[in-house]
Protein chains: 4
Amino acid sequence: VTAIRAGILGATGYAGAELVGLLLSHPRVEIVWATSEKFAGERLADAFPHLLGITDLKLESIRRLSGFPRVDVVFSCLPPASSMRLIPPLLDSGARVVDLSSDFRFKDPALFEALFGIPHACPHLLGETAYGLTELFREEVRGARLVANPGCFATAVLLGLAPLVRAGLVSGRVVVDAKAGLSGPGRAPRLETHFVEANRSVRALPDERSQGREAEIRLSLLFGATPEIVLVPHRIPLSRGLYASIYAEVPHGASRKEVLGEMGRFYEGSPFVRTTEGVPDVNAVTYSNYAGIGCTVERGLAIVFVAIDNLGKGASSQAVQNMNVMFSFPEGEGLAGRVMFP
Amino acid sequence: VTAIRAGILGATGYAGAELVGLLLSHPRVEIVWATSEKFAGERLADAFPHLLGITDLKLESIRRLSGFPRVDVVFSCLPPASSMRLIPPLLDSGARVVDLSSDFRFKDPALFEALFGIPHACPHLLGETAYGLTELFREEVRGARLVANPGCFATAVLLGLAPLVRAGLVSGRVVVDAKAGLSGPGRAPRLETHFVEANRSVRALPDERSQGREAEIRLSLLFGATPEIVLVPHRIPLSRGLYASIYAEVPHGASRKEVLGEMGRFYEGSPFVRTTEGVPDVNAVTYSNYAGIGCTVERGLAIVFVAIDNLGKGASSQAVQNMNVMFSFPEGEGLAGRVMFP
Amino acid sequence: VTAIRAGILGATGYAGAELVGLLLSHPRVEIVWATSEKFAGERLADAFPHLLGITDLKLESIRRLSGFPRVDVVFSCLPPASSMRLIPPLLDSGARVVDLSSDFRFKDPALFEALFGIPHACPHLLGETAYGLTELFREEVRGARLVANPGCFATAVLLGLAPLVRAGLVSGRVVVDAKAGLSGPGRAPRLETHFVEANRSVRALPDERSQGREAEIRLSLLFGATPEIVLVPHRIPLSRGLYASIYAEVPHGASRKEVLGEMGRFYEGSPFVRTTEGVPDVNAVTYSNYAGIGCTVERGLAIVFVAIDNLGKGASSQAVQNMNVMFSFPEGEGLAGRVMFP
Amino acid sequence: VTAIRAGILGATGYAGAELVGLLLSHPRVEIVWATSEKFAGERLADAFPHLLGITDLKLESIRRLSGFPRVDVVFSCLPPASSMRLIPPLLDSGARVVDLSSDFRFKDPALFEALFGIPHACPHLLGETAYGLTELFREEVRGARLVANPGCFATAVLLGLAPLVRAGLVSGRVVVDAKAGLSGPGRAPRLETHFVEANRSVRALPDERSQGREAEIRLSLLFGATPEIVLVPHRIPLSRGLYASIYAEVPHGASRKEVLGEMGRFYEGSPFVRTTEGVPDVNAVTYSNYAGIGCTVERGLAIVFVAIDNLGKGASSQAVQNMNVMFSFPEGEGLAGRVMFP
C-alpha cells in the first residue's frame, strides 16, 4: 500500500493528539508535518509523552507553512477563525483539506460573521465545502476538496435527529440536553476545569456558543424541515464523551417501533452507527468512531439518546473517516474495531 | 437544651449514614436506637468506619422493634413498602415520624398499589401525612405526626417548578432531564455501579421508576395546575449530587426577569434555597441542605436549573429540616452553614 | 458563649475556604475580617459560591491590614515567605496567631534560608513559636502566642512515626511513600491539575519541596532520635486526602502487637487519632480532623499507614484544633463528629 | 498474511475484554472460540457492548472444550487454579498456550501448593514453561509451547528492578509501594469497588496475595541475586494503571547516571520500555503495552518508578507480545503505537 502524505495544523490540542494517534496507526497515511505554536521546535512527544518512542516528528510553527513539503491531505485543528486564511493556498497546492474548526461549517458568510464577529476570509470556498457528517453526506464528502468536519454537539444531535426529520416525524420544537466531557474546552488550564473544581461539578453552560451549534444543526438538516432547536450543554466530571438526550415532539400516533425502524433503515450501510433496542452508554463508545443511538417514545414525545466520544466521532476519528471516503479508502480503515473498555 | 430522643429505621444505607452524621452533631437530638438487618448486633462504626470514635451506638434488628425504648421522633430509611407496616405502632407510642421512603408520598392508595404492585398497608394514615418538601408545605409539616420526606428527584423538580406553576407561567408539557450521582441507587454493589464500569459511564435510565417520580411531582404541585411531566433520569460519574434541567413551556411574552422575580418572592424566608442570576452547580451544594436554582428563558421556553445533594436536601438533611419544623426548633438548626468545598 | 474575634490572611485558597467553613460553624468564633488579593472588594461568596447565603463577609486587600479592627486570633493561609513580615504587628496588637504557612516551622533561621532562598524576616520569633502538631505538642500550643501549623505531609508522617520513635523502635532509615490529593497544590490552574490530564494521572513528584518536608519531620521528632527520612510525594486522582505509607526499620524482634500497643498508649486522650487493628482508608477521614493509623510488622520492617484529609487535619481543622487549645476551648469544639461519607 | 487461529478461555473478565479487543485488530490472528461460564450461549457483544457490530462471536461454556475446533494458540484468562487442568489436552492438540493466570508462574510445585492451598495438577509442565516477561525472557518465550504471563505487579517490579539486579547494584532489602487501579480485582461487584465507596478511597491492601507476588518477583530475577522483596499494594481511585515505586538499597557511591545507564543498556532493543530522565506517569501508558521507567538515587537509596497499564503490559497486551514472539511475528505487531491520551 502506498501511503498518502498528511499535514496537521494545530497538532497539540486534544483533537490534535487524537488525530496524530489515529494517523500514526493508519496503514495508508504518513504524517509529513505538524504545527504547534506553543511547542514549535520541540518534538510531538515532548507535548504528548504518551507518544514517546512512537514518533520522532518535530513540530513547526505555522509561520513557516509556505515552506512545508507538499502533502495530499491537511487536517486543521486550529481555533475558530484561524484556518480560513490558511486553507486556500493549501488547496492551491493540490492538497485536500479536512477542517475540524467551525470556519467552513456555514454556507452563508453573513451567519459566520454574526456568530464570530468577523467577516469570513474565504466566502468563495463555502459553496464547494462538504459538511462532513459522514453518514449523512457521504457522497458530497467523496468528491470534495474541502470538508468541514462537524462539531461534536452537531454530530451527536444530527445522528439522532436526521432519521426522524427525513421521515417527517418531527412536529415541533426540539430540546437537546447535552452532557459533555471536559476535553471539549481544550487543553488550556482554567479554574472551571481544574481537577479539584471539576471533579464534583455538574452544571449547565447555557451561554457557551450554543447559538452557533444550534445553527449548525438546523442548517445541516437538509431534508426540507428545519425544526427549532434548543441546545443546552452541560459539564459533567468526565474526560471524554458526549451524551445528547434529544426531546422531539412527534405526531401522537408515532410509536417507538416506528422510530427505531426509521433509524435502522437510515443507518443501513453505516457500520459506525449502532442503533439499539436499549439505551446507549458513553462507556461503550469511548476512544472510538462509534455512535450509540437508542430511543423511547411516549405521549407524543420521542426521546432519542446519542452517545459518542467527543474527540472520536465528534472530532478526530470522524475526520479520518472523511479522509477515508475522500481518498476512496475503505471507510473504516484505521477505525473499525478501535474502541476501549474499560 | 434538652434533646429529643430519636430512633432510625434502616441506618446503614447511604441516606442512613448521612442522617446519623447530621443527628450526631445536632444540638437538640440524641440517637437512642438505630436498626440494620445486615449489621444487626454490630456497632454503627463497623458499618461506617468514618464514625469510629464518634459513636458507640449498636445496631439492632428491626424484629426487636417492639422492645425498643420510646422515642420522640423516628426516621425511616427503609426500602419501598417496608416502613408502612411499622409506622402505626410507632405513632401510637407517641413518636412523630419522618419517612424517607416512598410509602406515604401519595394520598391515593390506588396509585400506590399501581406503582408498587401491592396494596397499601395503612391507607388511613395517608390523609394526615404531610408531604415534607419543607419550603412548599412548611405549615402542614409543623403540625404533622407523620411526614413523607420527598424523593430527591421530586425535591429538585418541585423546587424549580413550583414558583412558575403558582404564577401560572407553565403553559404546556414539562420535560425534566435529571443527572444523578451514583449514591442514589444505594450501597448494594451491582455491575452498573462498579467503579470501573461507572467511572466513564453516562447514560439515560428511562425505565427506572420515573413513573412514580412523575406522579410524585405532579400530585405535589398543589396549585391547581398539574402540568404533564416527563422525567428522564441519567447516570453520571459522581457520588453525590443531582442536577435537574427543567424545560417548561411558558407564555411567549414571559421574560427571564419575570421568572426570576417569581422565584425570589417564592423563596423569601427560605434560607436553604439560593436563587441566582447565574447557573447553579452541584459542587456548591454538596454535603448540604442548600438548593441552587437558576433559569433562562428564550422563545417561550423557560429552562430552570436546580442543583441539590441527593443525600442532603434530596433526603437526609431535608428530613432533619422537617424534624426541626415539626418540633419548633430553628429550621436551620444543625444544617445552616454546613456545606463542603472542594 | 461569648465568641472570640478572628481574622484570616489569605482566605481564598482551598485551606482558606476550609477554614472559613469551620469557623462559620464554630460556636465560639466570629470572623471579623478576611483578606484576598485576587478577590479584594468582593464578597467571600463570590470567590466560593458554596458560601452563598451563609456569609456576607467582604474580602479586603492585605495592604489595608493596619486599619483592620483588632481581633483575638489570626489565621494565616498565605503562600511561603509571605506571612513572616505581617505577623509581628498582629502579635503586638494582642492577637494570637496560627500560621498555616511554612514560615515559622523551623527553629533555625539558617535552615529557613537554605530552603526558601531568602533570609527569615523575624528570626526572633522562632524561639517562642509552638509547632502545632496538636497531639505531640499540646502543652506548648496551650501557652503560645504564635503557632506554626504543620504541613500536611509532616502531620501524617509525624502522627505515624512519633510513637515508634519515642519507644526507641526505629533503628534505621525511614522511607515514606505519600499519596496526595490534588487540592494540595492549590487553586491556581495548571496543566498538571487540569481535569483531563489529572483524572488518569499517577506519578511521583520527587522534586516537590520534599527537602523542606523531610526537615520539618526530622526536626519535629523531639524525642532524641532523629531518623533519616526519605519522603516521596505522589499525585493521584483525588481532590482531598493524603495517605502516607511509612516503611521503618525496627529491631528484628519487634512485633505488630508491640507497635500497636505503643500507638494506643501514645494517643490515649487524643480523640482525633484513630489507631486501628485494620488498615486506614482516606474515605473514612475526608472532610474531618481525624487521622486513621494502622500498621503491620514483618521481618524487621514496620509499615505504618496514616490517612488524613490534607485540608482538614493536614491544614485547617488542625489550625482550629490549635486555636481551641490556645483559648482553652474544648479541643474538639466545632470539629468532633464532623466527617463526611460517602 | 495468513492468520493463526486463537481460542480464549475466560473471555469476559477485564483482561479477557482487553485481549479480545487486541486480537480483533491484530492482522495475523483470528479468534475461533472464546469461553465464558457467565455468558455461555450469548454473544461477546452482550457481555461487552463496546464490541457491538465489531464481532459476532458467540461464547461457549468451558465444559464443551473438548469439542472446540483446533486452534494454534490459546490464551487463558481464568481465575487461579482453573487453567492448570485444561492446558495439557490443549497442548496435546498442538496448540501453544499463553496462560495469564498464576498457575504456571512457579517452577516449584510445592511453592504453588503453599500459596494456593491445593496441589498443582500438572507439575510435569512447570519445567518447560517460559516466564513471559518478554523483555527479560524473550529467548525462552520464542521456543516455548507454554508461556506463563506475569502478573501486573511482577511485571512492573521486574522491569524496574532487573537492570539493577543484573548490574549487582541492589545491596539490601527492596521495598515496593504499588498503587493499582480498580480493574485489577476484576469485574465482580463488591462493596470496596462500588463507585461511591471507591471514588474517594485510598488505602493499602497488605494482605492481598502479596506473598505470591513477592515470590513471583524474587524467583524471576534469575541473575544470581535474590534480594528480599516487600511489596505493599495500594488501591487508588483509577480504573486502569499500576504505578510501582521501588525503594532499593544500593552501594553508597552509586549515582543516578549510573543506574539510568544500566537501564538504557538493558532495554536497548526493547521498544515497549521507555526509560526516561524524568518521572513516568500512568497517563502516558494507559491502554498500551508501554512501560515508563524513571529513577532517582540519593544517599544510598535508588528509587525506581515504573508505570504500566495493569490490563495492557500487565496482562493482555503482554500476552499478545508473547504470542508475537512465539510465532515469530514482529514483536510489536498489533501493539506498537497503540496508546490513548487523554
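Residues numbered from 1 in each chain as written. Chains lettered and ligands numbered in written order. Predicted model: local features only at pLDDT ≥ 70, side-chain atom pairs only at ≥ 80, totals over all residues. Heavy atoms only, no water.

A. Fine view of the overall build of chain A. Regarding its fold elements, chain A presents 11 helices and 14 strands. Computed over C-alpha atoms, the radius of gyration of chain A comes to 19 Å, within 12% of the 20 Å expected from 2.2 N^0.38 for 342 residues, which places it in the range of a compact globule. Counting only C-alpha atoms, chain A reaches 60 × 45 × 45 Å along its principal axes. A burial count over chain A gives 66% of its 342 residues as buried. Across chain A, the fraction of contacts at a sequence separation of at least 24, relative to all contacts at a separation of at least 6, is 70%. As displayed, chain A offers around 11,100 Å² of accessible surface, 51% of which is attributable to carbon and sulfur atoms. Computing the positive centroid from 34 side-chain charges and the negative centroid from 35, chain A places the two 2 Å apart. (Helix = DSSP H or I, 4+ residues; strand = E, 2+ residues; numbered from the N terminus. Rg over C-alpha atoms; globule rule 2.2 N^0.38 Å. Buried < 20%, exposed > 50% of the residue type's maximum accessible area, 1.4 Å probe, protein only. Contact = heavy atoms within 4.5 Å. Areas by Shrake-Rupley, 256 points an atom, 1.4 Å probe, with all protein chains shown as cover. Lys, Arg positive; Asp, Glu negative; His and termini not counted. Charge placed at Lys NZ, Arg CZ, Asp CG, Glu CD.)

B. Seen up close, the packing of helix α7 (residues 152-166) of chain D against helix α11 (residues 312-326) of chain D. Residue and element names in this part refer to chain D. Axis separation between α7 and α11 bottoms out at 8 Å; the angle between their running directions is 100 degrees. Taken together, α7 and α11 sit at an angle that is classed as roughly perpendicular. Across the interface between the two elements, Cys152, Thr155 and Leu159 of α7 pack against Lys313, Gly314 and Gln318 of α11. Taken together, the residues of the contact of α7 with α11 break down into 2 nonpolar, 3 polar and 1 charged. (Axes fitted to C-alpha atoms, helices over the stretch in contact; angles between N-to-C directions. Parallel < 35°, antiparallel > 145°, perpendicular 65-115°, else oblique. Nonpolar A, V, L, I, M, F, W, Y, C, P; charged D, E, K, R; others polar.)

C. Broad picture of the packing of aromatic side chains. Applying the stated criterion across every chain yields a total of 40 aromatic pairs over all chains. The interplanar angle of 65 degrees and the centroid separation of 4.9 Å between the aromatic rings of C:Phe266 and C:Tyr267 together place this pair among those described as edge-to-face. Between the aromatic rings of D:Tyr131 and D:Phe137, the centroid separation amounts to 5.9 Å while the plane-to-plane angle is 85 degrees, which identifies the pairing as edge-to-face. Grouping residues by exposure puts D:Tyr131 and D:Phe137 together as buried. Ring pairs connect the aromatic residues A:Tyr14, A:Phe48 and D:Phe341, which therefore count as one cluster. Taking NZ or CZ as reference, B:Arg96 lies 5.1 Å from the ring centre of B:Phe327, over its face. (Phe/Tyr/Trp six-rings, centres within 6.5 Å; stacked < 30°, edge-to-face > 60°. Lys NZ or Arg CZ within 6 Å of the ring centre and 35° of its normal.)

D. Expanded view of the interface of chain D and chain C. Facing 44 residues of chain D, the contacting portion of chain C comprises 44 residues. Of the roughly 3,700 Å² buried where chain D meets chain C, counting both sides, 57% is carbon and sulfur surface. The largest contributions to the chain D side of the interface with chain C come from D:Arg200, D:Val202 and D:Arg299, which together make up 21% of the buried area. Close ionic contact of D:Asp177 with C:Lys179 constitutes a salt bridge, the shortest N to O distance being 2.8 Å. In this assembly, chain D and chain C are joined by 32 residue pairs in polar contact (both at pLDDT 80 or more). At the level of elements, β8 (174-180), α8 (195-198), β9 (203-204), β10 (229-235), β11 (242-249) and β14 (301-308) of chain D are the ones that each hand at least two residues to the side of chain D that touches chain C. Counting residues per element, the side of chain D that touches chain C draws most heavily on β10(D), at 5 residues. Looking at the side of chain D that touches chain C residue by residue, the class counts come to 24 nonpolar, 7 polar and 13 charged. (Buried area = accessible area lost by both parts, 1.4 Å probe. Salt bridge = Lys/Arg side-chain N within 4 Å of Asp/Glu carboxyl O. Polar contact = N/O pair within 3.5 Å; in protein donor to acceptor, adjacent residues only side chain to side chain.)

E. Layout of the pairing of strand β13 (residues 291-298) of chain A. Residue and element names in this part refer to chain A. With 7 of 8 residues buried, β13 lies mostly within the body of the structure. Note that strand β12 (residues 273-275) and β13 share 3 bridges and pair parallel. The residue of β13 that forms the bridge with Arg274 is Gly292. As judged from the 7 bridges shared by β13 and strand β14 (residues 301-308), these two strands associate in the antiparallel manner. Bridged to Thr296 within β14 is Ile303. (Pairing = 2+ DSSP bridges.)

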